[in-house]
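Structural description and commentary
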Amino acid sequence: MKKITVLAGGVGGARFVRGLLHELTATGHDADVTVVVNTGDDVWLDGLRVCPDLDTVMYTLGGGIHEDQGWGRTGESRRTSAEIAAYGRGWPWFTLGDLDLATHIVRTDLLRSGSTLSEATAFLCRRWQPGARLLPMSDQPVETHVRLVADVDEHAAGDLIHFEEWWVRYRAHVEVSEFVQVGLASATAAPGVVDSILEADLVVLPPSNPVVSLGTILAVPGVREALQTTAAPVVGVSPIIGGQAVRGMAGHCLQTIGVATSAAGVGLHYGSRASGGVLDAWLVDETDAASLPALTAAGIRAAAVPLWMHDVPTTASIAAEVLAISLR
Ligand code: FO1
């Protein structure tokens, strides 16, 4: 197992990769890991380019993450965001911590000096040393916006608002009719993304949000085709356990696109490579063992194993199960 490529969103994907790196080290595998990260959550805020999922992966693997939140820095303060609010600027419900601001300032400085997002990400990772190569899914902006069904606050029915406003201000509790990836038509996969899938010995879809994280990456031109073409086995890990989204509000997202909030529903949504989908294998939690027949009938190798990522060791065990099923 020389090259492993993981498509990741925020918290779930970052924690899975941390466990994978732990498992590879513990078992003496000398694999190179590439993480293709969702940039659909990216947003211009206070004049800065904020890349939530790239930062969550970078901080989690680099040891700077606020562990309980799963985003932002440990030991954070909010003096500057309070000052910005005093000017009546910014989003009072989405604040940038003082330490986190340095990342956005340096990234924005690099982008304004002509760096691509890939180059800026590589620069930031020189400090954080994540132990894996981080690639944005695209160097062009592809922001996820949601279309409101009804009036809410200063917004009218039919308006598009940024995903982060829906996710953080409204906690995904206002109904939306669709997800729109603003910029997708003129976006291309970032350098190395398609090759990292085609040249991999294993590709993993970790338990990230299947709609607004992995779905966003899969929509980038060339990515889905690379997954269907690669000689590597493609193994996914269910983000739904016992009918509940493990984290975040994946259930609201799945409902919006008409996919059942279940381990089988998401696995079948990704589909088997034999039938034009992207999966060879799919791991579900032990409580969802009843879904195995439906998955295998659809041409997806499946196994039921403990999927709760309680800590690094349990996550490493899940990574070990991914490695194991990829070899079957
Ligand atoms: N999430 C919140 O719930 N409240 C916040 O104020 C907030 C600020 C924030 C700043 C930078 C950043 O990278 C992430 C931040 N997040 C915040 C989390 C963010 O919504 C998530 O990281 C993903 O975008 C959604 O999973």
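Reading guide: rules and limits
- Residues numbered from 1 in each chain as written.
- Predicted model: local features only at pLDDT ≥ 70, side-chain atom pairs only at ≥ 80, totals over all residues.
- Heavy atoms only, no water.
- Pairing = 2+ DSSP bridges.
- Helix = DSSP H or I, 4+ residues; strand = E, 2+ residues; numbered from the N terminus.
- Axes fitted to C-alpha atoms, helices over the stretch in contact; angles between N-to-C directions.
- Contact = heavy atoms within 4.5 Å.
- Phe/Tyr/Trp six-rings, centres within 6.5 Å; stacked < 30°, edge-to-face > 60°.
- Buried < 20%, exposed > 50% of the residue type's maximum accessible area, 1.4 Å probe, protein only.
- Lys NZ or Arg CZ within 6 Å of the ring centre and 35° of its normal.
- Core = buried A, V, L, I, M, F, W, Y, C linked by side-chain atoms within 4.5 Å.
- Near = heavy atom within 4 Å.
- Polar contact = N/O pair within 3.5 Å; in protein donor to acceptor, adjacent residues only side chain to side chain.
- Areas by Shrake-Rupley, 256 points an atom, 1.4 Å probe, with all protein chains shown as cover.
- Nonpolar A, V, L, I, M, F, W, Y, C, P; charged D, E, K, R; others polar.
- Domains from an automatic or database assignment.

**Details of the sheet that holds strand E5 (residues 133–136)**
An order of E5-E2-E1-E9-E10-E13-E14 is seen for the 7 strands of this open sheet, with the pairing classed as parallel. Single-partner strands in this sheet number two, and they are E5 and strand E14 (301–304). Across the sheet, the axes of successive neighbouring strands diverge by a mean angle of 20°, strand direction being ignored. Note: strand E1 (residues 3–8) against strand E9 (residues 202–205), 3 bridges, orientation parallel. In the strand pairing of E9, valine 6 is matched with valine 204. Across the sheet, helix H11 (residues 263–270) touches E9 and strand E13 (281–284), and the angle it forms with E13 is around 165°.

**As for the packing of aromatic side chains**
Under the criterion given, the structure shown has 8 aromatic pairs. Geometrically, the ring pair formed by tryptophan 91 and tryptophan 93 is stacked, given 4.4 Å between the ring centres and 20° between the ring planes. Given the relative accessible area of 22%, tryptophan 93 is considered partly exposed. Pairing tryptophan 91 with phenylalanine 94 gives two aromatic rings, centres 5.7 Å apart and planes at 85°, and the pair type is edge-to-face. Phenylalanine 94 sits in the buried class, given a relative accessible area of 13%. The cationic tip of arginine 73 hangs over the ring face of tyrosine 59; the distance from NZ or CZ to the ring centre is 5.6 Å.

**Section: the nonpolar core**
Membership of the largest hydrophobic core comes to 60 residues, with the highest contact counts inside it found for Leu7, Trp166, Leu205, Leu227 and Tyr270. Take this core: its biggest share by element is 4 residues, from helix H6 (residues 163–169). Every residue in contact with leucine 7, bar those within four places of it in the chain, is listed here: Val36, Ile197, Val204, Leu205, Pro206, Leu214, Ile217, Leu218 and Leu227. Counting 41 residues, the second-largest nonpolar core is a separate cluster that includes Ile4, Val37, Val57 and Ala303.

**Comments concerning the site of the ligand**
The ligand sits among Asp41, Pro52, Trp71, Trp93, Phe94, Thr95, Leu96, Asp100, Glu164, Trp167, Val168 and Arg171. Take glutamate 164: an N or O atom from its side chain is 2.3 Å from an oxygen atom of the ligand. At 2.9 Å from an oxygen atom of the ligand is found a side-chain nitrogen or oxygen belonging to arginine 171. In isolation the ligand has 520 Å² of accessible area, and contact with the protein removes 88% of it. Top contributing element to the shell around the ligand by residue count: H6, with 3 residues. In terms of residue class, the shell around the ligand is made up of 7 nonpolar, 1 polar and 4 charged. In this structure, the shell around the ligand is formed jointly by two domains, domain 1 (2–139 + 192–326) and domain 2 (143–182), each of which donates at least three residues.

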